[in-house]
Amino acid sequence: MSDTPVIGVLALQGDVREHLIALASADALARPIRRPEELAEVDGLVIPGGESTTMSKLAVLFGMLEPLRERMRAGMPVYGTCAGMILLADKILDPRSGQETVGGIDMIVRRNAFGRQNESFEAAVEVTGIDGGPVEGVFIRAPWVESVGAQAQVVAEHGGHIVAVRQGNALATSFHPELTGDHRVHALFVDMVRAVR
């Protein structure tokens with residue numbers, strides 16, 4: 001068995017290509033995933049940024065929501081950025097009607113908490129478990145975490161708000177590390193996937 005983990009990027013909507021590049025740089029075999037049978041072939045999954053309501057509806061449409069929940073319950077590592085963080089939350093503070101989440105992290109998330117598109121910004125973020133100084137966080141219509149349950153571990157904060165959380169094999173950031181040349185967050189996730197394999 002090769003030591004190179006196969007990691008999928010949920011390719012229903014959002015910045016899929018950037019995640020594929022970042023994962024490849026972190027020594028994973030990365031591939032886009034759109035169907036349940038493709039999900040069955042990966043060791044881990046990234047849920048990218050995009051529009052969380054649209055992604056939630058497309059996940060239902062493509063028959064991905066239940067298979068995703070099942071794989072996560074079975075221990076498959078998952079990493080969500082921005083909209084992906086919203087989809088991994090057990091609860092959304094202000095959901096759109098019909099918006100469902102995959103769940104898996106005991107946290108309450110507020111959508112678009114950092115403001116609209118034109119209020120996007122970059123900031124240096126210290127992330128627990130990542131050596132070499134802060135990572136550059138790109139915040140685009142980003143959520144933040146209002147609160148976490150006992151099982152969830154806060155791994156980064158910015159401006160007094162929780163912006164990265166880890167719970168077991170699930171990791172979520174409200175920022176986009178895939179949009180920078182720094183792939184340390186992806187390397188951390190690849191290590192999480194290797195540990196489970």
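Up top is the structure.
Cut-off values and rules
- Residues numbered from 1 in each chain as written.
- Predicted model: local features only at pLDDT ≥ 70, side-chain atom pairs only at ≥ 80, totals over all residues.
- Heavy atoms only, no water.
- Helix = DSSP H or I, 4+ residues; strand = E, 2+ residues; numbered from the N terminus.
- Rg over C-alpha atoms; globule rule 2.2 N^0.38 Å.
- Buried < 20%, exposed > 50% of the residue type's maximum accessible area, 1.4 Å probe, protein only.
- Contact = heavy atoms within 4.5 Å.
- Areas by Shrake-Rupley, 256 points an atom, 1.4 Å probe, with all protein chains shown as cover.
- Lys, Arg positive; Asp, Glu negative; His and termini not counted.
- Charge placed at Lys NZ, Arg CZ, Asp CG, Glu CD.
- Salt bridge = Lys/Arg side-chain N within 4 Å of Asp/Glu carboxyl O.
- Phe/Tyr/Trp six-rings, centres within 6.5 Å; stacked < 30°, edge-to-face > 60°.

J.: How do you make sense of the overall build of the protein chain when you look at a structure like this?
T.: Counting its secondary structure elements, the protein chain contains 6 helices and 12 strands. A globule of 197 residues ought to have a C-alpha radius of gyration of about 16 Å, and the protein chain, at 15 Å, matches this closely. Over its C-alpha atoms, taken along the principal directions, the protein chain stretches across nearly 45 × 40 × 35 Å. Across the 197 residues of the protein chain, 52% fall into the buried class. Sequence separation of 24 or more characterises 65% of the internal contacts of the protein chain that already satisfy a separation of 6 or more. Approximately 8,500 Å² of the protein chain is accessible, and the part contributed by carbon and sulfur atoms is 48%. Between the mean site of the 18 positive side-chain charges and the mean site of the 25 negative ones, the protein chain shows a separation of 6 Å.

J.: Which parts of the structure should I look at to understand the pattern of salt bridges?
T.: Charged atoms that come close allow side chains of opposite charge to pair. Considering all chains together, one arrives at 11 salt bridges under this definition. The partner of R194 in a salt bridge is D3, and the shortest N-O contact between them spans 3.3 Å. Here R194, found in helix 6 (residues 184-196), pairs with D3, found in the segment before strand 1 (6-10); they are 191 residues apart in sequence, far enough to count as distant. Overall, the relative accessible area of 54% leaves D3 in the exposed class.

J.: Looking at this structure, I do not really get the packing of aromatic side chains. What am I missing?
T.: The relation between two aromatic rings is expressed through the spacing of the ring centres and the mutual angle of the planes. Throughout the structure, instances matching the rule amount to 6 aromatic pairs. Taking the centre distance of 5.8 Å and the plane angle of 40° together, the rings of Y79 and F189 count as tilted. Of this pair, Y79 sits in strand 4 (residues 78-81) while F189 sits in helix 6, and the two are 110 residues apart along the sequence. There is no split in this pair, since Y79 and F189 are both buried. Among the aromatic residues, those joined into a ring-pair cluster are F114, F121, F139, W144 and F175.

J.: Please clarify how unusual backbone geometry should be interpreted in this entry.
T.: If a residue is not glycine, its phi is most likely negative; likewise, a peptide bond is most likely trans. You will see that D27, though not glycine, has its phi angle at about 65°, which is positive. You can see D27 is positioned in the loop between helix 1 (16-25) and strand 2 (29-33). Take D27: its relative accessible area is 53%, and that puts it in the exposed class. Backbone geometry at R141 places phi at a positive 45°, although glycine is not the residue there. Note on placement: R141 falls in the loop between strand 8 (135-139) and strand 9 (144-148).

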